[in-house]
2 protein chains.
Amino acid sequence: MNTEFIYELSEKADSILQGNGNLSDLSALSMELKAALKPYNSGCIAIAQLNQIVGDIEYNAKKIMKYISFAENLGLEMIIFPELSLMGYPIGNTVERHPFLADENKKWLEEIAKFTKTITALVGFVECKNGEFYNSLAILTNGKVLNTIRKSDSAIYSVNEAKYNILLSENITDLDSLSFDKSQVIVQLSNSMSRNGSENKKHRALSSFAKKHNTPIIYVNQVGAVDNCSFDGGSRVYNSYGTLLARAKFFEEQFLIVNPFNNIGKIYSSPVLPEKENNETFSLDYEYDLERTYQTICQGIRDYFGKNGIKRACLGLSGGLDSTVCAVLLVDVLGKENVFGISMPSKITSKESKSDAEQLASNLGIGFAEVSIKDMVDTNTKVFDNLFPEVETYWNCRYKKSYTQDNIQARTRAMYLWGVSNEFESCIPIATSDKSEAYMGYATINGDMSGGFAPIADVTKTKLFALARWLNNNRKEKNVIPESIILKRPGAELAIDEKTGKPLKAEDALMPYEFLDEVIWRIENKHESYNDMINSEFLYEREHSVSKEQKTQWLDKFFRRMSFALYKGSIMPPSVIVDTQSINKYEYYQPITSSHINYNGTQKSVIREKLEKMILR
Amino acid sequence: MNTEFIYELSEKADSILQGNGNLSDLSALSMELKAALKPYNSGCIAIAQLNQIVGDIEYNAKKIMKYISFAENLGLEMIIFPELSLMGYPIGNTVERHPFLADENKKWLEEIAKFTKTITALVGFVECKNGEFYNSLAILTNGKVLNTIRKSDSAIYSVNEAKYNILLSENITDLDSLSFDKSQVIVQLSNSMSRNGSENKKHRALSSFAKKHNTPIIYVNQVGAVDNCSFDGGSRVYNSYGTLLARAKFFEEQFLIVNPFNNIGKIYSSPVLPEKENNETFSLDYEYDLERTYQTICQGIRDYFGKNGIKRACLGLSGGLDSTVCAVLLVDVLGKENVFGISMPSKITSKESKSDAEQLASNLGIGFAEVSIKDMVDTNTKVFDNLFPEVETYWNCRYKKSYTQDNIQARTRAMYLWGVSNEFESCIPIATSDKSEAYMGYATINGDMSGGFAPIADVTKTKLFALARWLNNNRKEKNVIPESIILKRPGAELAIDEKTGKPLKAEDALMPYEFLDEVIWRIENKHESYNDMINSEFLYEREHSVSKEQKTQWLDKFFRRMSFALYKGSIMPPSVIVDTQSINKYEYYQPITSSHINYNGTQKSVIREKLEKMILR
C-alpha cells in the first residue's frame, strides 16, 4: 500500500492548517489526498491531536471547525478530538465559579454541529446539567449534536452502527469484563501528561488489551502545557493483534489519518528509549529519559509563556548547574534574543563562577550583565545592625548563628530580577531551584525560590548533571555548557564553610546528592518508609563506605528538612511536572501543619506502655 | 432534672482533662459525676470534640485513650470522636506517599482497642486495604476492634443492637429514603469548616431531617485549624422533634455528655447571630458574622503557630487598615509580648500614617521600631539606574511607566521582615493582604504579599472596616484602633497620584471598595457572569450615580485584573478560609494559563459568522 504518499500529503496539509504555508494550496492538496485515500476510504478516520488553550473557547472552536471541515472534505468517516478540547483541559473548578463558561462552550458546540455533514466529529466539552458540571463528549454529525457521553459514567458508548465503542474512562482495564470483535474499534480519549515511565506503561496496557480482546484501539491524547501540566500527545492506534499501527508525534499538534480496519497508519518516533526504562531500582543512568525530559520542559516553558503573553525571561547566572541548564532550555524555547542573564556576584562568589557565567552567556549569545550585590548587601546589613538590637531588647531570642546574611544575598538577587521584570515588557524572572533542593527546602524564600516560572523544579540534581551533558551533545550547537560548570561540586556560595574557609558546598550542608536523590526516588516510586531505607542498601553505599550512624544522620536530616520544606513548596511558582511523581502542590498535598509526623514509627510494646499511662484510675 | 449539676461537674473534669488543674482531683469528680448521671444512665454518651494534630498519631492516640478511659469510668455507653481523629484531618494524600503512616495509626488503634471494656468508642482512622486508603471509622469495644466502616461507602451502619445508626457520609439527605424510629439515633461524623452561612445551613438541615424522620441526630465535628482550614466544633444533638437539645462550644475542645433518649443536653452559645444571616443580596451589614469571623481567624493563627512551633510574629505597620487588623488579631492570639510591629516609612509615607502606626503599637503594647527604607530604596535605585540601560541596549522594550519604584519599596519592607524572622527564634513575618486585594492582584510579589501566614486573606475590605469597629467595641481593651485609621481611605502609599499630587488611593487605582466587594460577592455567592452584573443594580449604584460607561469600565478592570491575579494567588502563603467561598488555591483552582477567557461572552450570530470563516472550500 502506498501509504507513504498519504502521509506526505497529509503532513503538508497539516502544516498549512497549522498556519505555515499558503491556505489556497489546501484545496488542491485536499483533492489529491482524497484520491490517495480512496482505496481505503471505508473506516478512514482522523485523530486531531491539538494543543488547545484553556478557557479560550473561540480559539478552540475555530480550530476544531477548521479540522472538521478539512476532514469532511477528505470524505473521512470520523474525526476525533482530545478530551475537553472545546473548553481546554484542565479547567479546574473554574466553571463552578463561572458557570457562564459552560453555557458559552455549549453555544459554540451547537453552532459547530450545524456545519457537520456526513462526518462524525467527537468533541469534548463541559456539560452542565441541573447545576452539575460534566467532562463530556459530544457526537456531532449531520448538522446536529447526536448525543453526549459523560466521563463520570465510565461506561462505553457505541456510534456509527456499533463500529466504534467510545471510552472516556481513564482506566481501560475497567472494560476487561466486556467482549468485542475485530470489526469494532475502541476509542479512548484521555489527557495524559508526560511522565517518567508513562510511555511504556501506556503501550503495554493498550497493546495487551487490544490483543486480549481481539479489538483495535484508538487512543487520543492532547499536546501542550497548562501551568504545571505538560501533555505529550503520541496518540495511537493498535490493531486487533495488539501491534502498534500508528502513533502521532509527541509534543506537536498533528492531524493523523488512520484506518484501523485496513492497517493504515504511520508510527512517528518517540522521545523515550523504551528498552532502557527501568523502574525497579534506583540508577544514575538517566539517558533513556533525557530527550523526553527536555521536550516536556521545553513545551512547559513554551506554552506557559506563549499562552500567557510572556515573551522574555531574565535569570541570575551563578555559574552553577541549575541556572545554567535553565538558561539553555530558555534559549531553546524563547530564542537567545529573549533571554537575559545577570551575574550578581558577592564577595563570596569565586572568580570561576563569574567567568563560567560569562562564558555560558557568551556561548549562548544571550543578553548579559554583571551587577554586584555588594552595595545592597552593605546597606541592608547596616539597616539590620540598627534594627536587630532594637528587636533584641524586646525579644531576647536572637539566634547565635543565623541564615540572615545568606538570605540577604539571595533576596537582593531576586529583587534585581523582579526589577527587570517590572521595567521591561512581557518579561518574567526564572526560579532556578531543582527538585533535590525543593525536598530539602534548600532555597531562599523571596530569593532563588522566587520567580514567574520554575522550569527544573521536578528534576533532581543527579539527573540535571546528565541533562547538562545531554544538552552539550544533542543540541545543534555542541558544548555550550562549559565543562567546568558540569565538573564543579554544587554550592550556593552564600556562606563560607568554617572547616575549609571556602564557599560552603551543598553536599556538605545536606548530604551527597546521589544519596539524597535515591531517598527521593524510593519515597516517590517505592513509597518506602524511614525504616525500609535503613534496612536496604543504597547505590551510594555500594561505592562508598557509609557508617550506619552516618546513614541514620542523613535520613534524619532528610525527613526533618522535608517537613519544614512543605511551606516553601506551597509558595513555589508554577513549574513543569516531569518525573514519575512530584512534590508539586497541585499533585501532592501534605498539610504544612504536619511537622509532628514521626517518620521513624513506634513499636507495639512502646505504644502499649504509652497508652497505659493515659488510663485514668 | 438537675442537669445543670451534670454540666458543672463535666466542665470541671473537662478542664482537668485538657491540662488545667490537678489530675488527682479527677477520680473524685468522676465518681460524683457518675452518681449524678445514674438516673439517666442508659443511653448516656459522650461527644469528644477534640483538636487533634495532623499526622501526630501518638499525641492523638494518647488523647483519645484518656477520654475513652474517663468515659468508661463514668459508665457511659458510647464515646464518639470526630472523623479521622486518630490520624488528624485533613491529611491530604500524604498517606499515599508515606503509606507506613496508615500502618502506624492501625497499630495505635489496635492497642487502644485492647483497653476498652464495656464502652463503645467510635474512632476515625485511615484504613489501608489492598493498597487503597479509606477514611474509616473503627468501632472499639470489649478489648477489640469490633468493626470498621468506610466513609466512601456512604451507607449506614448499626451498632449497639441497632440503637445507633452511624453515618459517615457528608450529605445527610442521602438517607432521605430510609426510615427510622425514635429509639434509634443517627450519628453523623463530619469535619466542617467555619464558613459564612454554614451554621444556619447546618442547623436547618439537621433539625428538619430529625423532625421529618422522627429520629434523634448526633452530629460530631472537630475543632482546630490545619493550614487554611479552621474547623468550628459546635457538635450537637437534635431530638426526634428536630429541637436542638445540646450543642458544644465553638472553637474549643469539649467533652460533652448527652442523652438523646432522655433529653439531656446543654446548648452552649454560638458566635453567629442566626436571624441576621442573609445570603440573598449583598449588604454591608456584616455585624451578624463578625464574632465568628474573629474566632475563626484567631483559631487559624493559634493552630498554625502552635502546631508548627512558631511563637512570634513580626509585621509591617503602615498605619493602614490591613496591617492594623492583623496586629490586633495577632496580639489576641499570641500575646502582645510575641508581636513586633515595624513602621517602614518612605518619602511618600505621610506623617499621619507614621503616627497612626506608632499609636496603634503603643495602644497594643507590642514591640515597635521605625526603620526608614530610604537608604535601601536609594541604593536599589542606583543599581537599577546602571542595570536598566544595559538591559535596554539588548531589549528595546522598556515601559514608559512602570511599577518598579513602587515595588522596590514593598520588597524592601518584606526583606526587613524576613530578616527579623531569620534572626530571631520561632518568628514569622505576616502577609497582611486582604481578599479584595487578592482578587485584584493589588499586592507586590516578594513584598506585602509575602509572609509566613496571611490572616485576613479571605476578608474583603468593606468587611475589614466593620471588623475594625467590632474589635474596638468588643475587646476587653476598647478602642485600641485609632479612629483615624478607620476613617482614612486605604492606599498603599507607594506612588503619588498625578492628579492630586498626594499618595495614590487604592479606590482611585481600582474602583470603590463597595462596588468591588459586591462583584466578589456576586461571583462567589451567585456565580453571576459579567453580563448578569451589567444588567442588575449594585448597592453602590443606589447611593451613587454611576454611568453605564463607568460601570462597564470597573467590571472590565475587575475581570482583567482577576485573570492576572491568578499567578499571585498561586504563591500566596497559607491563610484562613472564613468566607462562604474563597479564592484560596487549595479550594478554588483556576489555571493561571487561562488569561484568554472572554468573560463577556459571544452572541450566537457572531459565533456562526466566526465559524463560517473557518470552513475550507
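How each quantity is defined
- Residues numbered from 1 in each chain as written.
- Chains lettered and ligands numbered in written order.
- Predicted model: local features only at pLDDT ≥ 70, side-chain atom pairs only at ≥ 80, totals over all residues.
- Heavy atoms only, no water.
- Helix = DSSP H or I, 4+ residues; strand = E, 2+ residues; numbered from the N terminus.
- Rg over C-alpha atoms; globule rule 2.2 N^0.38 Å.
- Buried < 20%, exposed > 50% of the residue type's maximum accessible area, 1.4 Å probe, protein only.
- Contact = heavy atoms within 4.5 Å.
- Areas by Shrake-Rupley, 256 points an atom, 1.4 Å probe, with all protein chains shown as cover.
- Lys, Arg positive; Asp, Glu negative; His and termini not counted.
- Charge placed at Lys NZ, Arg CZ, Asp CG, Glu CD.
- Least-squares fit on C-alpha atoms with pLDDT ≥ 70 in both.
- pLDDT = per-residue confidence, 0-100.
- Pairing = 2+ DSSP bridges.
- Axes fitted to C-alpha atoms, helices over the stretch in contact; angles between N-to-C directions.

Trainee: Tell me about the overall build of chain A, and name the residues and values.
Mentor: Scanning chain A from terminus to terminus reveals 20 helices and 18 strands. Taking 2.2 N^0.38 as the reference for a compact globule, 617 residues should give roughly 25 Å; the C-alpha atoms of chain A span a radius of gyration of 28 Å, in line with that estimate. C-alpha extents for chain A along the principal axes are approximately 85 × 70 × 50 Å. Taken across its 617 residues, chain A has 63% of its residues classed as buried. In chain A, the share of contacts with a sequence separation of at least 24, taken over all contacts with a separation of at least 6, comes to 68%. Of the roughly 23100 Å² of accessible surface on chain A, a fraction of 47% belongs to carbon and sulfur atoms. Across chain A, the mean location of the 71 positive side-chain charges is 1 Å away from that of the 78 negative side-chain charges.

Trainee: I'd like a description of the relation of the copies chain A and chain B, backed by residues and values.
Mentor: Mapping chain A onto chain B calls for a screw motion: a turn of 180° about the axis and a shift of 0.0 Å along it, with 0.0 Å RMSD after fitting. Expressed as a symmetry operation, the mapping of one chain copy onto the other fits a two-fold axis. No C-alpha of chain A approaches the rotation axis more nearly than that of Ile571(A), which lies at 2.1 Å.

Trainee: Describe in detail unusual backbone geometry, supporting the description with residues and values.
Mentor: All names here are of chain A. Cis rather than trans, the peptide bond between Tyr89 and Pro90 has omega equal to -5°. Within the fold, Pro90 resides in the loop between β2 (78-80) and α4 (94-97). If you check the backbone angles, Asp227 has positive phi at about 50° while not being a glycine. Summarising the element assignment, Asp227 is placed in the loop between β10 (223-226) and β11 (229-232). Its identity is not glycine, yet Asn263 carries a phi of approximately 55°, on the positive side. Inspection of the secondary structure assignment puts Asn263 in the loop between β14 (254-258) and α7 (290-307). The partly exposed category is assigned to Asn263, whose relative accessible area is 41%.

Trainee: Can you break down the confidence of the model for chain A residue by residue, with the values?
Mentor: When pLDDT is averaged along chain A, the result is 94, and 98% of the positions lie at 70 or above. Model confidence for the complex: the whole-complex pTM is 0.96, and ipTM, which rates the interface, is 0.95.

Trainee: Report on the sheet that holds strand β6 (residues 156-159) of chain B, specifying residues and quantitative values.
Mentor: Residue and element names in this part refer to chain B. Strand order in this open sheet of six strands is β6-β7-β8-β9-β12-β13, and the pairing throughout is mixed. At either margin of the open sheet sits one strand with a lone partner, and together these are β6 and β13 (244-247). With strand direction ignored, the average angle separating the axes of adjacent strands in the sheet is 20°. By the bridge criterion, three bridges tie strand β12 (residues 236-238) to β13 in an arrangement that is antiparallel. Bridge pairing in β13 places Arg236 opposite Arg247. Those strands touched by helix α6 (residues 198-213) are β8 (185-189), β9 (217-220), β12 and β13, and its axis lies near 35° from that of β12.

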